[in-house]
Amino acid sequence: MAQGEPALVLSDTDSAEGLEEVEPSFSGISENNACYTLKPQQRFIAHEVNENQRSIEEICICCGSFQIHTQHPLFHGGICTPCTENFLETFFLYDEDGFQAFCTICCSGKTLLMCDDPTCNRCYCLECLDVLVSPGTAEKVKATNTWLCFMCLPLSSHGFLKRKKRWRAKLKCFYDQESNHLEIYQPLAAWERKPINVLSLFDNITMEMKNLGFLGSSLGDGRLTYLGDVTNALRTDVKEWGPFDFIFGSTPPVGNSYEHPPAWYFYQYHRILQYGKPPESSQRPFFWMFVDNLVLEKEDRETASRFFKVHRKSSPSPDFFFFTSCLLSV
């Protein structure tokens, strides 16, 4: 679609009836990386469906694998085990601008195109557009001034990309079924709850824990141990102070003076966390959280994600991000 031409918006049925034209305005582009490389097997999806007559439900639409684990929750097509795990972990991650951090379809992607509907926060990678809709779609979208995405457009079918009916219910069912391997602790009645033992590193959160009701006589006087400097803390020390139910740590807030480089706080927290967390075979509930007060560099944040084996999560406040073992809705 050439620059300046009106964008086509298709009707909310499975037919092309009711085409509308809207005046264009530039569509948003989020570039995680300027490089554009197809996933190794994804490029062959069209060949497998058109030439080999393979059903799209037998192909992972995220990467092109034939090793199908289940079905994609939003669009018709399969999804393999690694892509399922990636979807579960990243689908609800958002960038500072409020848009999804990764592609709505594959939950990865390097350059993302953002939907221009003001009520939508979804993004799509160039790879998925060119493979699942049609070759050249990404360039057409970039040349379109107003672009409504495949979850907003009325027409549900675009090339191989076919939006499911009742996709919200299917997305919930997908998370309910595929998240059952996560450790979810059953809630306890008030009289069954025991005092909590907290280790707080670099920031004393005693008042916050009291305000949340985790410390105080109502819960049997839980205990919080605060350490501002852990340079000389050994594994034997942590074992002696514990066992802990919750280990918290953070970088210093922006504007505060601190004695060490920002990354030092992350590395030291991770070291103490290894000393204080229970073995994987333990059935004892345990939680941890590390807060980055926007002082870690991009490389350090990526390193933290690898060490913690989770992506950082956005907070309701723009003042910090955090890594955690908890399943939180923010």
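Residues numbered from 1 in each chain as written. Predicted model: local features only at pLDDT ≥ 70, side-chain atom pairs only at ≥ 80, totals over all residues. Heavy atoms only, no water.

(A) How the structure looks around the overall build of the protein. If you tally the helices and strands in the protein, you get nine helices and 15 strands. Looking at the 330 residues of the protein, the share that counts as buried comes to 45%. A fraction of 59% describes how many contacts in the protein between residues 6 or more apart in sequence connect residues 24 or more apart. Element-wise, carbon and sulfur atoms account for 53% of the exposed surface of the protein, whose accessible area totals about 18,100 Å². (Helix = DSSP H or I, 4+ residues; strand = E, 2+ residues; numbered from the N terminus. Buried < 20%, exposed > 50% of the residue type's maximum accessible area, 1.4 Å probe, protein only. Contact = heavy atoms within 4.5 Å. Areas by Shrake-Rupley, 256 points an atom, 1.4 Å probe, with all protein chains shown as cover.)

(B) Inspection of the nonpolar core at higher detail. Within the largest apolar cluster, 47 residues are counted, with the highest numbers of intra-cluster contacts made by Phe75, Phe87, Ile105, Tyr124, Leu132 and Phe150. For this core, the elements supplying multiple residues, two or more each, are α1 (45-50), β5 (78-80), α2 (81-90), β6 (111-114), β7 (123-125), α3 (126-133), α4 (137-143) and α5 (167-178). What Phe87 contacts, discounting residues up to four positions off in sequence, is His72, Pro73, Ile79, Thr104, Ile105, Cys107, Leu171, Phe174 and Tyr175. Of all hydrophobic cores here, the second largest spans 22 residues; its members include Val238, Phe286, Ala304 and Phe308. (Core = buried A, V, L, I, M, F, W, Y, C linked by side-chain atoms within 4.5 Å.)

(C) Representation of the packing of helix α8 (residues 262-276) against helix α9 (residues 298-308) in the model. Remark: α8 packs on α9, axes separated minimally by 10 Å, with the N-to-C direction vectors making an angle of 5°. Taken together, the axes of α8 and α9 are roughly parallel relative to one another. Within the contact between the two elements, α8 uses Ala263, Phe266, Tyr267, Tyr269, His270 and Leu273 and α9 uses Asp300, Thr303, Ala304, Phe307 and Phe308. (Axes fitted to C-alpha atoms, helices over the stretch in contact; angles between N-to-C directions. Parallel < 35°, antiparallel > 145°, perpendicular 65-115°, else oblique.)

(D) Highlighting α2. Within the span of α2, buried status applies to Cys83, Thr84, Phe87, Leu88 and Thr90. The inward-facing, buried residues of α2 contact β4 (68-71), β5 and α5.

(E) Representation of the pattern of salt bridges. The full count for this structure, using the stated rule, is two salt bridges. Between Glu48 and Arg54 there is a salt bridge, and its shortest N-O distance comes to 3.2 Å. Residue Arg54 is classed as partly exposed on the basis of its relative accessible area of 27%. Residues Lys142 and Glu139 are paired through a salt bridge, measuring 2.9 Å at the closest nitrogen-oxygen approach. Separated by three residues within a single helix, Lys142 and Glu139 lie in helix α4, roughly one turn from each other. (Salt bridge = Lys/Arg side-chain N within 4 Å of Asp/Glu carboxyl O.)

(F) Region of interest: the environment of Cys125. Mapped onto the secondary structure, Cys125 falls in strand β7. For the pair Cys125 and Thr104, spaced 21 residues apart in the sequence, the C-alpha separation amounts to 8.2 Å.

(G) Quick peek at the side chain of Glu48. Looking at the secondary structure, you find Glu48 in helix α1. The buried category is assigned to Glu48, whose relative accessible area is 11%. Polar side-chain contacts of Glu48 include one of 3.0 Å to the side chain of Asn52. (Polar contact = N/O pair within 3.5 Å; in protein donor to acceptor, adjacent residues only side chain to side chain.)

(H) Local environment of the side chain of Thr225. Tracing the sequence through the fold places Thr225 in strand β11 (residues 223-227). Relative accessible area serves as the criterion here: at 17%, Thr225 is assigned to the buried category. When residues no more than four places from it in sequence are discounted, the contact partners of Thr225 are Val198, Leu199, Ser200 and Phe244.

All we've got here are geometric facts, nothing functional implied.
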